[in-house]
Amino acid sequence: MLGCLAESGYGIAEELSDATIAVINTCSFIGSAREESIEAILEVADLREKGTLKSLVVAGCLPQRYGKELAKELPEVDIFIGTSAFRGIADILDQADSETNRGIYVESGSTHLYDDRTPRILLGAGHSAYIKIAEGCDRVCAFCAIPGIRGSFQSRTLESVVKEAEQLGESGVRELNLVAQDSTSWGKDLSSIPGKGRPKLHQLLHALDQVSSVDWIRLLYVYPSAVTNELIEILSSGQRVLPYVDVPLQHGSDRILKAMRRGTTADLQRKLVNRLRASINGLTLRTTVIVGFPGETDADYDELVSFVKEMQFDKLGVFRYSDEENTKAIELSKKVPRKISRERYKNLIKVQREIMKEKQTDQIGKEDRVLLDSLINPSLGIGRLSSQAPEIDGVVHVAGSSLKIGQFASVRITGVNEIDLRAEVI
Ligand code: SF4
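Criteria and thresholds
Residues numbered from 1 in each chain as written. Predicted model: local features only at pLDDT ≥ 70, side-chain atom pairs only at ≥ 80, totals over all residues. Heavy atoms only, no water. Helix = DSSP H or I, 4+ residues; strand = E, 2+ residues; numbered from the N terminus. Buried < 20%, exposed > 50% of the residue type's maximum accessible area, 1.4 Å probe, protein only. Contact = heavy atoms within 4.5 Å. Near = heavy atom within 4 Å. Nonpolar A, V, L, I, M, F, W, Y, C, P; charged D, E, K, R; others polar. Polar contact = N/O pair within 3.5 Å; in protein donor to acceptor, adjacent residues only side chain to side chain. Pairing = 2+ DSSP bridges. Right-handed = clockwise from strand over helix to strand, strands pointing away. Domains from an automatic or database assignment. Buried area = accessible area lost by both parts, 1.4 Å probe. Salt bridge = Lys/Arg side-chain N within 4 Å of Asp/Glu carboxyl O. 1 Å grid on protein atoms, 1.4 Å probe; cavity = no way out; pocket = protein on both sides within 12 Å on 5 of 7 lines; lining within 4 Å. Points joined across faces, edges and corners; volume = space filled by probe spheres on them. Core = buried A, V, L, I, M, F, W, Y, C linked by side-chain atoms within 4.5 Å. Phe/Tyr/Trp six-rings, centres within 6.5 Å; stacked < 30°, edge-to-face > 60°. Lys NZ or Arg CZ within 6 Å of the ring centre and 35° of its normal.

1. Thoughts on the overall build of the chain
Item 1. Tallying secondary structure elements over the chain gives 12 helices and 17 strands in all.
Item 2. Expressed as lengths along the three principal axes of its C-alpha atoms, the size of the chain is roughly 60 × 60 × 55 Å.
Item 3. Burial analysis of the chain (426 residues in total) assigns 50% to the buried set.
Item 4. For the chain, the proportion of contacts with a sequence separation of at least 24, taken over those separated by at least 6, is 72%.

2. Concerning the site of the ligand
Item 1. Near the ligand, the surroundings consist of Cys137, Arg139, Cys141, Phe143, Cys144, Ile146, Pro147, Gln181, Tyr223 and Arg262.
Item 2. In terms of residue class, the shell around the ligand is made up of 7 nonpolar, 1 polar and 2 charged.

3. A word on the side chain of Asn177
Item 1. Topologically, Asn177 is positioned in strand β8 (residues 175-179).
Item 2. Separated by 2.6 Å, the side chains of Asn177 and Arg218 make a polar contact.

4. Notes on the pairing of strand β2 (residues 55-60)
Item 1. Burial analysis of β2 places 6 of its 6 residues in the buried class, the great majority of the element.
Item 2. Taken together, the 3 bridges between β2 and strand β3 (residues 79-81) define a ladder with parallel strand orientation. Across the sheet, the residue bridging to Val57 is Ile79, located in β3.
Item 3. Handedness of the β-α-β unit built from β2, helix α3 (residues 61-73) and β3 comes out right-handed.

5. Points about the domain arrangement of the chain
Item 1. Split by domain assignment, the chain resolves into domain 1 (2-105), domain 2 (128-362) and domain 3 (367-425).
Item 2. A straight line from the C-alpha centre of domain 1 to that of domain 2 covers 30 Å.
Item 3. Overall, the association of domain 1 and domain 2 removes approximately 840 Å² of surface from exposure, summing both partners, and the carbon and sulfur fraction of that is 57%.
Item 4. The largest share of the area that domain 1 buries against domain 2 comes from Phe29, Ile30 and Arg65, three residues that together contribute 55% of it.
Item 5. For the pair domain 1 and domain 2, the interface holds 2 salt bridges.
Item 6. For Glu324, the salt bridge is made with Arg34, and the minimal N-O distance between the two is 2.7 Å.
Item 7. Counting the contacts that link domain 1 with domain 2 gives 5 residue pairs in polar contact (both at pLDDT 80 or more).
Item 8. Among the elements of the structure, α2 (31-50) and α3 are those that each provide at least two residues to the side of domain 1 that touches domain 2.
Item 9. Ranked by residues supplied to the side of domain 1 that touches domain 2, first place goes to α3 with 4 residues.
Item 10. Class assignment for the residues of the side of domain 1 that touches domain 2 results in 4 nonpolar, 4 polar and 2 charged.

6. Overview of the layout of surface pockets
Item 1. Taken as a whole, the second largest pocket encloses approximately 420 Å³ of empty space.
Item 2. Leu283, Thr284, Asp314, Gln363 and Ser387 are the residues nearest the centre of the second largest pocket, which is lined by 18 residues in total.
Item 3. At 5 residues, the largest contribution of residues to the lining of the second largest pocket is made by helix α12 (residues 338-363).
Item 4. Here the residues of the lining of the second largest pocket are counted per class, giving 5 nonpolar, 6 polar and 7 charged.

7. Description of the nonpolar core
Item 1. One finds Ile131, Ile133, Leu176, Leu231, Leu276, Phe313 and Leu348 to be the most contacted residues of the largest nonpolar core, which totals 54 residues.
Item 2. Ranked by the residues each element gives to this core, the list is headed by helix α11 (residues 298-311), at 6 residues.
Item 3. Residues within four places of Leu176 in sequence aside, it is in contact with Ala129, Ile131, Ala165, Leu168, Val214, Trp216, Ile217 and Arg218.

8. A short note on the packing of aromatic side chains
Item 1. By the definition in use, this model includes 4 aromatic pairs.
Item 2. For the cation-ring pair, Arg156 lies above Tyr114, with the distance from its terminal atom to the ring centre recorded as 4.4 Å.

Here it is as structure tokens:
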């Protein structure tokens, strides 16, 4: 959206207090994401009363999902733009400039999928970027509203993703994070290559591995039952593709996995983790799980806790189940009371903290490479190891001289602070 606006002549304000139009991009796939989005909207609406802000725009999944209903509940907002319509944001705002009407720009169907010709402006210091390789999802996970919001699965072409990677690399991006709702389905809707069949994710990763202007390529959101030997091979042998993978496993009880319609069992997941660890040297394995799914008994939850303890994940995200419209799980009985799901959530976080503590402490004294994201002062920076994806896996506080944002530094790990690390330049 920033790129599209800049291309049409809109200036991008550094601070909200300098802006005349605020665009809030929202998420809505679970209750807590919706709450966070609404809080952000109300906060900005408050500023509007006091400042120079003339127009408030809400974009993304929240209007895509709730359109007109949302407009009734949030009279403070002028314009709503769904995920299907964001490419036209500049035209929409041009129109809004001349008219004072409120507008709802939400089309049903698939999310607009950008390509290498879509103008981009990166947030932050510009050395790390996400690339969306596909959009939408055709799977049937019982808890998940995303297929209804984002529409059916669509892949970008290999050429478009590689071209964007090259362009980003040439503009100074050092790290690419590949995202999609379901990365492992990439290619299934593309045309077959004569004699080779449809393109597969490992082929895309091999092509991206050749993009010499970037250093790190990280793969996120891999569907467990779709991990192939070829995918494991490139994760283990890549020059730029990192030995990092995010495989959301969701639970450790067969009963709950079945009710979730994940098409797998705890044992198959266990085998997958062992296979990944045995094949990929220095693997960082991230996963997410859900607590409080309808029908989750104490015994199911205990199985999940044992699974997490046994698997010793390097990084773990824990979500609390929330009932979502247009999902199968909303129809299920035996809902877990909020109080219990909150306790289960807190307890599982505690379990993982203990695992992390040990893993982090093991790193003390080791040497590694850090990509510097920001500077607190000239001799103290904040960066990340290749095992730390942006925003979710913690950071490294780096002490040293001549630190530069967007550059790599060789460091020795000197200490641990919860999920963060301390290091000094060597
Ligand atoms: S694969 Fe992911 S996005 Fe797709 S339905 Fe399942 S949880 Fe939702």
